[in-house]
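Structure assessment
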Amino acid sequence: MKIKFLGGADVVGRMGMLIHHKDADLLFEYGMRPAKPPQYPMASPPVDYAFLSHCHLDHSGMIPWLCGKYDTEVAATPSTISVAKILLADSLKVAEAEGYPRPFDPVDIRTAMMNFTPMNFGETVDVAGFEVEMHSAGHVPGAAMYELRGDEVTVFTGDLNNRNTQLVWGAHAVKCDNLIVEATYAGRRHPSRQKTERQLLDKIDEVVKRGGKAIIPCFAVGRTQEVMLILRDKGYDMWVDGMGRTVTSLYLDQPEYLRSEKHLRVAKKRIKEVRTPAGRNMAMKGEVIVTTGGMLDGGPVVRYLQNVKDDRKSAVLLTGYQVEGSNGRQLIDSGTVDILGVKERIKCEVQKFDLSAHSDHDELVSFIRACGPKNVVLCHSDNRELLAKDLESEFNVFLPKSGEQIEI
Ligand SMILES: [Zn+2]
Ligand SMILES: [Zn+2]
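Residues numbered from 1 in each chain as written. Chains lettered and ligands numbered in written order. Predicted model: local features only at pLDDT ≥ 70, side-chain atom pairs only at ≥ 80, totals over all residues.

Brief notes about the pairing of strand S16 (residues 315-318)
Every other side chain in a regular strand lies on the same face of the sheet, so the side chains alternate between the two faces. What you see with S16 is no split at all: Ala315 and Leu317 on one side and Val316 and Leu318 on the other are buried throughout. Here S16 pairs with strand S19 (residues 349-352) via 4 bridges, running parallel. Following the sheet pairing, Ala315 is matched in S19 by Glu349. (Buried ≥ 20, exposed ≤ 12 C-beta atoms within 10 Å, placed from the backbone. Helix = DSSP H or I, 4+ residues; strand = E, 2+ residues; numbered from the N terminus. Pairing = 2+ DSSP bridges.)

In structure tokens form, the structure reads like this:
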């Protein structure tokens, strides 16, 4: 079996992986990195079939290009398909607004929507000599791993979380010979989840008691709903704004991917939704605001930042990874953000909480051991070596670079 990464092997983002076996060519993921300028994987050749693990743009962002060019069929869960639709349309809008060339057009998105083949956990499809089964990857609702059964068993994890979160159950190991696994958090360990949730709630309590507002910037997909679930039993005046609202509704339309539909419904009922500019003004008088976007680069969060930036009683509580070059990273590093082209100093309190949806170093090691493979291919990480070191005595470990073909 030959494996070649078109992108996303030694970085997080713009993922694409080709598997060549006998006469068959399969593509797993075809994403982009929504940086400035956006980054894309190498051009994919035509393939027999494509598999998408989940909707995040670093995995799905170039699927319309693939479908528009080659009319490729793409497997994904119904949840991934419905959320990808809005993320892909939004990515075109962002490219236009920022003045970058569009890699595909709305017609290609429509083609992709027609070419998606819905698949569910536990279902199989026969493709090019493989029986391919889909499993849950525990990362966000509908995120999948693929198990390819041929002469040997090969598993591709996509983004992986093997511990439970409020939103989804953690992934279970799948016995295999070859394991292609993400390693975003190689070398890092998450603090205890319960403790982090407690600290977040205590901080919100403190902010509200001193008369401030807690602004919680969140990614629309996964993190918004996770934070809503953490907040659901609190009696604050709570609001949710941005694309995260739409994603919550999509998740509730397909509740089979959720750990608890009931809990998310309760959260949705108790946290008021901002639907209009007038609603936004009302939210600004509230106590807790959960809002897109997670890295402060756009979306309604910008308005809320303007509103609280000089208020020392208020706080911005970051809940996700802040990529190099983002406003969120700038806030952590220098206490400023760029709002509509102007550098603004943020005087309110800023704190960061680790609510990651990826397995950490130790969780990856235990997952890999439980899968019991001969060969382990690490990808989706700029820090794979630290994990490789811990695995080398037990497995054949591969660290391919993007563009390089390996044979296992
Ligand atoms: Zn992801
Ligand atoms: Zn990813």
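Overview of the sheet that holds strand S4 (residues 49-51)
On the basis of which strands lie adjacent, the open sheet formed by 7 strands has the order S6-S5-S4-S3-S2-S1-S22 and mixed pairing. Pairing within the sheet leaves two strands with one partner each, and these edge strands are strand S6 (116-118) and strand S22 (405-407). Adjacent strand axes in the sheet meet at a mean angle of 25°, parallel and antiparallel pairs treated alike. (Axes fitted to C-alpha atoms, helices over the stretch in contact; angles between N-to-C directions.)

Remarks on the sheet that holds strand S20 (residues 375-379)
An order of S7-S8-S9-S10-S11-S20-S21 is seen for the 7 strands of this open sheet, with the pairing classed as mixed. In the strand order of this sheet, the two ends are held by strand S7 (124-127) and strand S21 (396-398), each with one partner. Strand-to-strand twist of the sheet, defined as the mean angle between neighbouring strand axes without regard to direction, takes the value 20°. In the packing of helix H12 (residues 361-371) onto the sheet, contacts are made with strand S10 (153-156), strand S11 (178-182) and S20, and the angle to S11 comes to roughly 165°. Strands in contact with helix H13 (residues 384-391) are S20 and S21; relative to S20, the strand with the most contacts, it is inclined by about 165°. (Contact = placed C-beta atoms within 7 Å.)

Let's talk about the environment of Ala97
Tracing the chain through its elements places Ala97 in helix H3 (residues 78-98). A tally of 9 C-beta atoms within 10 Å means that Ala97 is categorised as exposed. In this structure the C-alpha to C-alpha distance between Ala97 and Asp241, which are 144 residues apart in sequence, comes to 21 Å.

Quick notes on the domain arrangement of the chain
Considered domain by domain, the chain is made up of domain 1 (2-188 + 357-407) and domain 2 (193-352). A straight line from the C-alpha centre of domain 1 to that of domain 2 covers 28 Å. If you look at the interface, domain 1 gives 21 residues, while domain 2 gives 16 residues. When the residues that make up the side of domain 1 that touches domain 2 are grouped by side-chain class, the tally is 11 nonpolar, 8 polar and 2 charged. (Domains from an automatic or database assignment. Nonpolar A, V, L, I, M, F, W, Y, C, P; charged D, E, K, R; others polar.)

Some details on the pairing of strand S8 (residues 130-136)
Burial within S8 is extensive, with 5 of its 7 residues counted as buried. Both S7 and S8 contribute to a ladder of 4 bridges, which runs antiparallel. The partner of Asp126 across the bridge, within S8, is Glu131. Across 6 bridges, S8 lies against strand S9 (residues 144-149) in antiparallel orientation.

Points about unusual backbone geometry
The omega torsion across Lys36 and Pro37 is 0°, close enough to zero to call that bond cis. Position of Pro37 relative to the elements: it lies in the loop between strand S3 (24-30) and S4. Residue Gly293 follows Thr292 across a cis peptide bond; omega there is 0°. Within the secondary structure, Gly293 is located in the loop between strand S15 (288-291) and helix H10 (301-308). For Glu29, which is not glycine, the phi torsion reads 65° and is therefore positive. Its 30 C-beta neighbours within 10 Å are what place Glu29 among the buried residues.

Thoughts on the packing of helix H6 (residues 223-231) against helix H8 (residues 261-270)
Look at H6 against H8: their axes get within 9 Å of each other, and the N-to-C directions meet at 85°. It follows that H6 is roughly perpendicular to H8 by the angle criterion. Every residue of H8 that contacts H6 at Gln225, Met228, Leu229 and Leu231 is listed here: His263, Leu264 and Ala267. Residues belonging to the contact of H6 with H8 are distributed by class as follows: 5 nonpolar, 2 polar and no charged. (Parallel < 35°, antiparallel > 145°, perpendicular 65-115°, else oblique.)

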